[in-house]
Amino acid sequence: MGIRFILMVNKQGQTRLAQYYEWLTLEERRALEGDIVRKCLARNEQQCSFVEHSNYKIVYRRYASLFFLVGVDNDENELAILEFIHLLVETMDRHFGNVCELDIMFHLEKAHFMLEEMVMNGCIVETSKSNILSPIQLMEKTS
Amino acid sequence: MALSGMRGLSVFISDVRNCQNKEQERLRVDKELGNVRTRFKNEKGLSPYEKKKYVWKMLYIYMLGYDVDFGHMEAVSLISAPKYPEKQVGYIVTACLLNENHDFLRLAINTVRNDIIGRNETFQCLALTLVGNIGGREFAESLAADVQKLLISSSCRPLVRKKAALCLLRLYRKNPDVVNVDGWADRMAQLLDERDLGVLTSSMSLLVALVSNNHEAYWSCLPKCVKTLERLARNQDIPQEYTYYGIPSPWLQVKTMRALQYFPTVEDPNTRRSLFEVLQRILMGTDVVKNVNKNNASHAVLFEALALVMHLDAEKEMMSQCVALLGKFIAVREPNIRYLGLENMTRMLMVTDVQDIIKRHQAQIITSLKDPDISIRRRALDLLYGMCDVSNAKDIVEELLQYLSSADFAMREELSLKAAILAEKFAPDLSWYVDVILQLIDKAGDFVSDDIWFRVVQFVTNNEDLQSYAAAKAREYLNKPAIHETMVKVSAYILGEYGHLLARRPGYSPKELFTIIHEKHPTVSTSTIPILLSSYAKILMHTQPPEPELQNQIWTIFNKYESCIDVEIQQRAAEYFALSRKGASLMDILAEMPKFPERQSALIRKAEDAEVDTAEQSAIKLRAQQQMSTALVVTDQRPPNGMPAQPSIGPLSLVKVPSETVDSNPGDQGLTHPNGVVYKEDPQPPSQDIIGDLLGTLSIEGPPGAVAQSPQSATYEAEGAPSAADAAALVPVGEESGSVQPIGNINERFYALCLKDSGVLYEDPNIQIGIKAEWRAHQGRLVLFLGNKNTASLGSVQALILPPTHLKMELSLVPETIPPRAQVQCPLEVMNLRPSRDVAVLDFSYKFGPTMVNVKLRLPAVLNKFLQPITVSPEEFFPQWRSLSGPPLKLQEVVRGVRPLPLPEMANLFNTYRLTVCPGLDPNPNNLVASTTFYSETTRAMLCLVRIETDPADRTQLRMTVASGDPTLTFELKEFIKEQLVSIPTAPQRPQGPAAPPPPVAPASQDPGALLAGLL
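All values reported here derive from a predicted model rather than from experimental measurement. (Residues numbered from 1 in each chain as written. Chains lettered and ligands numbered in written order. Predicted model: local features only at pLDDT ≥ 70, side-chain atom pairs only at ≥ 80, totals over all residues. Heavy atoms only, no water.)

Some thoughts on the overall build of chain B
- Across its full length, chain B carries 41 helices and 18 strands.
- Counting all 1016 residues of chain B, 57% fall into the buried class.
- Carbon and sulfur atoms provide 52% of the accessible area of chain B, an area that totals close to 42100 Å². (Helix = DSSP H or I, 4+ residues; strand = E, 2+ residues; numbered from the N terminus. Buried < 20%, exposed > 50% of the residue type's maximum accessible area, 1.4 Å probe, protein only. Areas by Shrake-Rupley, 256 points an atom, 1.4 Å probe, with all protein chains shown as cover.)

What follows is the structure, encoded as structure tokens:
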């Protein structure tokens, strides 16, 4: 399976984007987000980017006020996921130009479109930024 | 601000953002939900644009954690919208809001299918992604074939095919029975030739899923994976868009190496060489650079390469290189690398040869146990646990104990459990073990589960040498002013049982023992009182001659508790009081506890259950896999000497009750079982058996119902002579000495080992013999792991190899005794001199107590272990086949009574035995051609060719032709294959139907072990 979910959460613990690749009920999502946000946000710069939680791992990275949290299976390659987060951020940068929390908030649909191009069924589909962004560009042209 | 022109959505999002508190937010959200709901009610008036806007609002609200129980229909209906923007929203929101079992999803199935088979690429992508994310069974049934077609279609562009690959992956994983992937090996191999890296990335994920399920079918993909890896590592033909900080797609590199880890080995020497060249380059060429991203990406690749090298169990030199790298990593400043270094070192423990090198880093690992980061501390703990053995147990356990006082609460329970397990497994002497457990209770009583102290009591009871030592230690702890309640329990128990052994020492008189235990009485809870009462009763019994003063003191206590509200306490008080007035009877019943039967440690099981908060690959599991033995990991063990475990409810009389009791109750409901087993079931609680109660408290293992499983071995001498008191009351009946029963089926274990290279060869209540084998050409190296499961030594251990004439075998020295709980490794070298189907036998014996056990076990050094799969091309095959023209080099036989197998299954069977099926060589689809290389000293490497011609009308017969350059080999191989194909009735067979074919045909079993079963 690989990636189980991708969350973007700000410093205050508010979810800005949530994409799950395994079905959880709303209650389970709330509980999970609460737990892991509490665990990850309390960590400092000197600690590693991996947190073990329940029977999986969270690989996370902080950009200014926004945390990117990716839940993965225990045997997933952690550093590859860590850089995948960065690839996602760079892709958003390319589109929005210096992406910030507000961009993601107010363009939730675009963030979703990008993720949809990058991850499917918990597996990485595409890592070329121009390929990832081409459907969005197509859409902007048509509308 | 509002791109995509959804102003209403932006307004709503900023409103929510401006809310001062959660309550305001909820009100705003409720208002919006009401609004959307009303709009949806008059759906007719909604434009697609409006619908789209509301659906996004729903998704936003859902993401905030509010339930959205309407509007799903609207989201699904957008999928059928004609225009791209609406359709896209429909697809994405549907995938977020619904799961595969949702009814509405079914409504969309036709639209989705039309989009998939339609000509609009963007629609195809959307539909494939939806199915890939949430497609269920119905989707698989109606779409799998279309998706497969898209994936391999040459007219399809990469952007569609990459999605088709992952879509197929989901359909296959969810419904392997619906999605037929037979014959996909060739297509996968083709897909791996793909130039487009997006398609390659997805296909690699698909390959991982397929290979993990059945690697045999996908051998042909292995060289392609190596080629892909070479292409990436050498940066050949990699578009700039796919290089990340100068590294050619690190994600694809990682995935490719992951796929390679699902193949057991790399046989082909050329492929192997290329692969090791690449790996070597990665290992040596990864430098630390300034740029964080580049550094991470290159190390992601490096760690995956390490994992692959470990998996391939490469040459020693390369392995030491890996350990050296990891040793460097665990000491660097960068926390991610430190974490991964520790994690991978733990994985590395799987490889037997490197443990000593890992031990050199022990000091650094212990330092990591004090790292400021809990993630790293966890890894360090797991690693220490995994690397612990007899040589370093003392150091490691003492470190863990020391760390215990400062450890996080979240880790203490795990820590104490692990310390207890290690102390038990690797104790250099048992007194040290007792020390450790008592310290553990002293330092972290709250985190020490009952199982831990039950276990120490069990050890002390079973080892007489230990009893006075433990009593003295317990006495020491009781002297401390404040001790944990668990310490009170264990000390009181031990002093009650064994305090009298030290009666001559100053401070150990019954009176003094009683006083020191009773001092703790006011501080304990009701769960401890029963133990104290038993302890007092025992002290009283050991006071000879009786001391009236002490007696009165204790009787007063019994009297006081006779009216206690707690039934357990009341009962014990009443019984002990009554018994202690009986004099001799008291002696009889309260005599020392009998030895415990050897049981599985509940601790290990607990540790395995408690995996919740640790990594899946935790050391506990690793250890279980790696060592295969050490008794402690055994489950499903039958109580060996016939003592039934205590059922959870209702006391069961296990211990001899003085005969007078039975005599005086002739109407008692004693149940006599056919083999003389008597259970006394007394309806009245007050006369319940006391020691039975005590056992109840100590029920360390006791799955309820264990009694029912082995009633015939439980015995209870109801009318035995009173002199045969206490421990002797438990005498195994059915199993006299010399008949220790094996656990599991020896034959099945052997057959399983014929097909794989590690596993358990034999097991009984006392010992477990595991095997790990490596085969290279005509030589093999087996390691026998002899694990003593008991807390007592096994003596007179003897292992003799009876080799058949064609094998040269050398077993290294087997020690005569195996210490308690120890595991001994005995390497066995094997050399194959010539082809033969004969089997080597291990004659193994040992002594446990008075019992001599002797077993003869077949060793899995069988013909197919000396085969190496090889694929031959038609150009190689046909000249060979023709040149071996007839007997004795080429033999043909019509075989009847073959177990009817579909052809693909037969091909699988051949592959399992390392006879590589070469598809396409024989034009007739009912035929099968296979090739392999056989190795022995006389024949050297010799190519063998096999052809099977089947009759589709009658699957029970076939014609087989075997050819090789050696007549004996041809004959032996032919017989060997025949043995695998012909069905032999297994022991308890179902009655044959009247129209059964002449030779009995076993039900088509999938298990090759069962296939083999009849051969011997």
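Looking at the confidence of the model for chain B
- Here chain B averages 79 in pLDDT, while 82% of its residues score no lower than 70.
- Predicted confidence is poor over residues 985-1016 of chain B, with pLDDT under 50, and the contacts of this stretch with residues over four places away or in other chains come to 41 contacts. (pLDDT = per-residue confidence, 0-100. Contact = heavy atoms within 4.5 Å.)

Description of the sheet that holds strand 3 (residues 50-53) of chain A
- In spatial order, the strands read 2-1-5-4-3 (chain A); together these 5 strands make up an open sheet with antiparallel pairing. The two strands at the open ends of the sheet, each matched to only one other strand, are strand 2 (15-20) and strand 3 of chain A. Ignoring which end each strand starts from, the neighbouring axes of this sheet average 20° apart.
- As paired strands, strand 1 (residues 3-10) of chain A and strand 5 (residues 66-72) of chain A are joined by 7 bridges and run antiparallel to one another. In the strand pairing of strand 5 of chain A, Leu 7 of chain A is matched with Leu 69 of chain A.
- Across the sheet, helix 17 (residues 335-348) of chain B touches strand 3 and strand 4 (56-63) of chain A, and the angle it forms with strand 3 of chain A is around 50°. (Pairing = 2+ DSSP bridges. Axes fitted to C-alpha atoms, helices over the stretch in contact; angles between N-to-C directions.)

Quick word on empty space enclosed by the protein
- Inspection of the entire model under this criterion finds 14 cavities of 30 Å³ or more.
- In this model, the largest cavity occupies a volume close to 90 Å³.
- Lining the largest cavity are Asp 75, Glu 76, Asn 77 and Glu 78 of chain A together with Arg 258, Phe 303, Glu 304, Ala 307, Glu 343, Asn 344 and Arg 347 of chain B.
- At the level of secondary structure, the elements contributing two or more residues to the lining of the largest cavity comprise helix 15 (292-312) and helix 17 of chain B.
- Considering only residue class, the lining of the largest cavity consists of 2 nonpolar, 2 polar and 7 charged. (1 Å grid on protein atoms, 1.4 Å probe; cavity = no way out; pocket = protein on both sides within 12 Å on 5 of 7 lines; lining within 4 Å. Points joined across faces, edges and corners; volume = space filled by probe spheres on them. Nonpolar A, V, L, I, M, F, W, Y, C, P; charged D, E, K, R; others polar.)

Concerning the interface of chain A and chain B
- Each partner contributes to the interface: chain A provides 65 residues, whereas chain B provides 76 residues.
- The contact between chain A and chain B buries some 6200 Å² in all, and 54% of this surface belongs to carbon and sulfur atoms.
- On the chain A side of the contact with chain B, Glu 52, Phe 106 and Met 120 of chain A bury the most area, a combined 12% of that side's loss.
- Taking the shortest distance from any N to any O, the salt bridge between Arg 94 of chain A and Glu 241 of chain B comes out at 3.6 Å.
- Here chain A and chain B share 28 residue pairs in polar contact (both at pLDDT 80 or more) between them.
- Top element by residues in the side of chain A that touches chain B is helix 2 (residues 78-96) of chain A. It accounts for 10 residues.
- Per-class residue counts for the side of chain A that touches chain B are 27 nonpolar, 18 polar and 20 charged. (Buried area = accessible area lost by both parts, 1.4 Å probe. Salt bridge = Lys/Arg side-chain N within 4 Å of Asp/Glu carboxyl O. Polar contact = N/O pair within 3.5 Å; in protein donor to acceptor, adjacent residues only side chain to side chain.)

A short note on the pairing of strand 10 (residues 823-832) of chain B
Residues and elements named next belong to chain B.
- Pairing of strand 7 (residues 779-788) with strand 10, which is carried by 9 bridges, proceeds in the antiparallel orientation. In the strand pairing of strand 10, Leu 786 is matched with Val 824.
- Here 5 bridges tie strand 9 (residues 807-811) to strand 10, and the two strands are oriented antiparallel to one another. Looking at strand 10, one finds that Met 809 is bridged to Val 830.

Some remarks on the packing of helix 21 (residues 393-404) of chain B against helix 23 (residues 430-444) of chain B
Residue and element names in this part refer to chain B.
- Contact geometry for helix 21 and helix 23: axes closest at 10 Å, N-to-C directions at 15°. Looking at the two axes, helix 21 sits roughly parallel to helix 23. The chirality of how helix 21 crosses helix 23 is left-handed. In contact with Ala 393, Lys 394, Val 397, Glu 398, Leu 401, Gln 402 and Leu 404 of helix 21, helix 23 contributes Trp 432, Val 436, Gln 439, Leu 440, Lys 443 and Ala 444.
- Here the contact of helix 21 with helix 23 is built from residues that sort into 8 nonpolar, 2 polar and 3 charged. (Parallel < 35°, antiparallel > 145°, perpendicular 65-115°, else oblique. Left-handed = near helix turned anticlockwise from the far one by under 90°.)

Some thoughts on unusual backbone geometry
Residues and elements named next belong to chain B.
- Along the chain, Pro 887 connects to Pro 888 via a cis peptide bond; the corresponding omega equals 0°.
- Within the secondary structure, Pro 888 is located in the loop between helix 38 (874-883) and strand 14 (890-896).
- Although it is not a glycine, Asn 235 sits at a positive phi angle of roughly 55°.
- The residue Ala 777 is not glycine, and still its phi comes out positive at about 50°.
- On the secondary structure map, Ala 777 appears in the loop between strand 6 (767-776) and strand 7.
- The partly exposed category is assigned to Ala 777, whose relative accessible area is 23%.

Some words on the environment of Leu 915 of chain B
- Within the element layout of this structure, Leu 915 of chain B appears in the loop between helix 39 (903-912) and strand 15 (916-917).
- Excluding its chain neighbours within four sequence positions, the residues that come into contact with Leu 915 of chain B are Leu 867, Phe 910, Ala 930, Ser 931, Thr 932, Val 946 and Ile 977 of chain B.

Details of the pattern of salt bridges
- Summed over the entire model, instances satisfying the criterion amount to 68 salt bridges over all chains.
- With a closest N to O distance of 3.8 Å, Arg 914 of chain B and Asp 757 of chain B form a salt bridge. Of this pair, Arg 914 of chain B sits in the loop between helix 39 and strand 15 while Asp 757 of chain B sits in the loop between helix 37 (746-755) and strand 5 (758-763), and the two are 157 residues apart along the sequence.
- By relative accessible area, which is 27% here, Asp 757 of chain B ends up partly exposed.
- For Glu 949 of chain B, the salt bridge is made with Arg 947 of chain B, and the minimal N-O distance between the two is 3.9 Å.
- On the accessibility criterion, Glu 949 of chain B (16% relative accessible area) is buried.
- The network of salt bridges with shared partners includes Glu 52 of chain A together with Arg 378, Arg 379, Asp 382, Glu 414 and Lys 418 of chain B.

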